[in-house]
Amino acid sequence: MNIALLGYGRMGKSIETIALNRNHSISLIVSDSNSGYDFKNTDVAIDFSIPSVAVFNIKKALDAGVPVISGTTGWLEHYNDVIAYCKEKNGTFLYASNFSLGVNIFFEINKRLSELMSGFSEYNIEMEEIHHTQKLDAPSGTAITLAEEIIKNSDYKNWTLEQPESNEIFIDAKRIEHVPGTHEVTYNSEIDSISIKHTAHSRQGFAMGAVVAAEWIKDKKGVFTMKDVLNIG
C-alpha cells in the first residue's frame, strides 16, 4: 500500500517507520506549510499536520479520491463541514482524537463509568491531561472526547480550562517535556474518589493505530471512527 504522510513531525516520522516495517511504501511526504502537492500513486493519506492546514489537507485528499485518516486536533470546529464535504465527494474519511488501542478501550471504560455514575450527583468530576511541550492545542483531543462522553451521560453542559461553574467539567491541561500523553478522569465526593487513568509510554501506539486504520480503510467508502476499525463499542 502506498501511503501519503501529511505532516512530518514526530508522529509523521513514527508512522513512516511503522509503515515501512509493515511493507508499505511512502508515496508522498508533505511539510505543514507545503500546499503544492498531488496524490499520484497514493492509496491512503494520513494527516498528522497542524490545525491551520488540517482541513486543507483533508479536503485535498478527498478531492483526489484518496481515503484520508486524520489525527490532527485543534480544528474540530470545522468537523461537520469536513464530514459534509466527504459525503458530497463520496469519499472516505476517518478522524480519531487518539489512535491508540489502549486509549480507545479507555474511551469505552469512560463511557460505561459515566453511565454508572449518572445518578450520583454527589460526585464532582475533574480531568487531568499531560502532554509534551510541543503539543500546540489544549486541552488534547483525547481529553475533549472523554469530556464530551461524560457530558452526554450527566448534567454537565460543558468543559473548561478555567475555574469551573457547577455545570462544567474542569480539565487541567499540563505541558511537560517528554510526556507522550496521560489522561485521568476522577469522580470526587466527600466520602471517596473513583479514578480511571491511561498513560502512554511512547508514540508508537498512536502511530501503529494510524497505520492499522489505513490498512483497514483502504477501498472503503464513508465516514468511520476507530470503533469501526477495532470493532468495539
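This one's a predicted model, so the numbers in the text were calculated from it and none came from an experiment.

1. Here's the deal with the nonpolar core
In terms of nonpolar packing, the biggest core is built from 24 residues, with Ile15, Ile46, Phe48, Ile69, Leu94, Phe99 and Met226 touching the most fellow members. Mapped onto this core, the elements with two or more residues apiece are β1 (2-6), α1 (10-21), β3 (44-47), α6 (204-217) and α7 (226-230). Here this core gets 7 residues from one element, more than from any other, and that element is α6. Each residue touching Ile69, except ones within four places of it in the same chain, is listed here: Val44, Ala45, Ile46, Asp47, Leu94, Phe99, Ala210, Ala213, Ala214 and Ile217. Counting residues in each nonpolar core, the second largest holds 21 residues, with Leu28, Val30, Tyr37 and Ile83 among its members.

2. Section: the packing of aromatic side chains
Counted according to the given criterion, the structure contains 7 aromatic pairs. With centroids separated by 6.4 Å and ring planes inclined at 65°, the aromatic side chains of Trp75 and Phe93 adopt a geometry described as edge-to-face. Remark: Phe93 occurs in strand β5 (residues 92-95) and Trp75 occurs in the loop between β4 (68-70) and α3 (79-88); sequence separation between them is 18 residues. Both residues of the pair, Trp75 and Phe93, count as buried. Taking the centre distance of 5.1 Å and the plane angle of 85° together, the rings of Trp216 and Phe224 count as edge-to-face. You can call Trp216 partly exposed: its relative accessible area is 23%. In textbook terms, an aromatic cluster arises when at least three aromatic residues are bridged by ring pairs, as seen for Trp75, Tyr79, Phe93 and Tyr95. A cation over an aromatic ring shows up here: Lys59 above the ring of Tyr85, its NZ or CZ 4.9 Å from the ring centre. Stacked on the ring of Tyr37, the Lys or Arg Lys60 has its end atom at 4.7 Å from the ring centre.

3. Observations concerning the pairing of β1
Within β1, 4 of the 5 residues are buried, which leaves it mostly tucked inside the rest of the structure. Inspection of the sheet shows β1 paired to strand β2 (residues 25-30) by 5 bridges, in the parallel sense. When the sheet's bridge partners are listed, Leu5 is paired in β2 with Ile29. Each parallel crossover has a hand, and for β1 linked through α1 to β2 it is right-handed.

4. So, the sheet that holds strand β7 (residues 158-160)
In a beta sheet, neighbouring strands are held together by backbone hydrogen bonds and run either parallel or antiparallel to one another. Read across the open sheet, the 5 strands follow the order β7-β8-β6-β9-β10; overall the sheet is mixed. With partners counted over all chains shown, the strands left at the sheet margins are β7 and β10 (193-200), one partner each. Within this sheet the neighbouring strands show an average axis-to-axis angle of 20°, counted without direction. The pairing of strand β6 (residues 124-131) with strand β8 (residues 168-175) spans 6 bridges and is classified as parallel. Bridging from a neighbouring strand, Met127 pairs with Ile171 of β8.

Rules and cut-offs
- Residues numbered from 1 in each chain as written.
- Predicted model: local features only at pLDDT ≥ 70, side-chain atom pairs only at ≥ 80, totals over all residues.
- Heavy atoms only, no water.
- Core = buried A, V, L, I, M, F, W, Y, C linked by side-chain atoms within 4.5 Å.
- Buried < 20%, exposed > 50% of the residue type's maximum accessible area, 1.4 Å probe, protein only.
- Helix = DSSP H or I, 4+ residues; strand = E, 2+ residues; numbered from the N terminus.
- Contact = heavy atoms within 4.5 Å.
- Phe/Tyr/Trp six-rings, centres within 6.5 Å; stacked < 30°, edge-to-face > 60°.
- Lys NZ or Arg CZ within 6 Å of the ring centre and 35° of its normal.
- Pairing = 2+ DSSP bridges.
- Right-handed = clockwise from strand over helix to strand, strands pointing away.
- Axes fitted to C-alpha atoms, helices over the stretch in contact; angles between N-to-C directions.

Remember, this is a structural readout, not a statement about activity or role.
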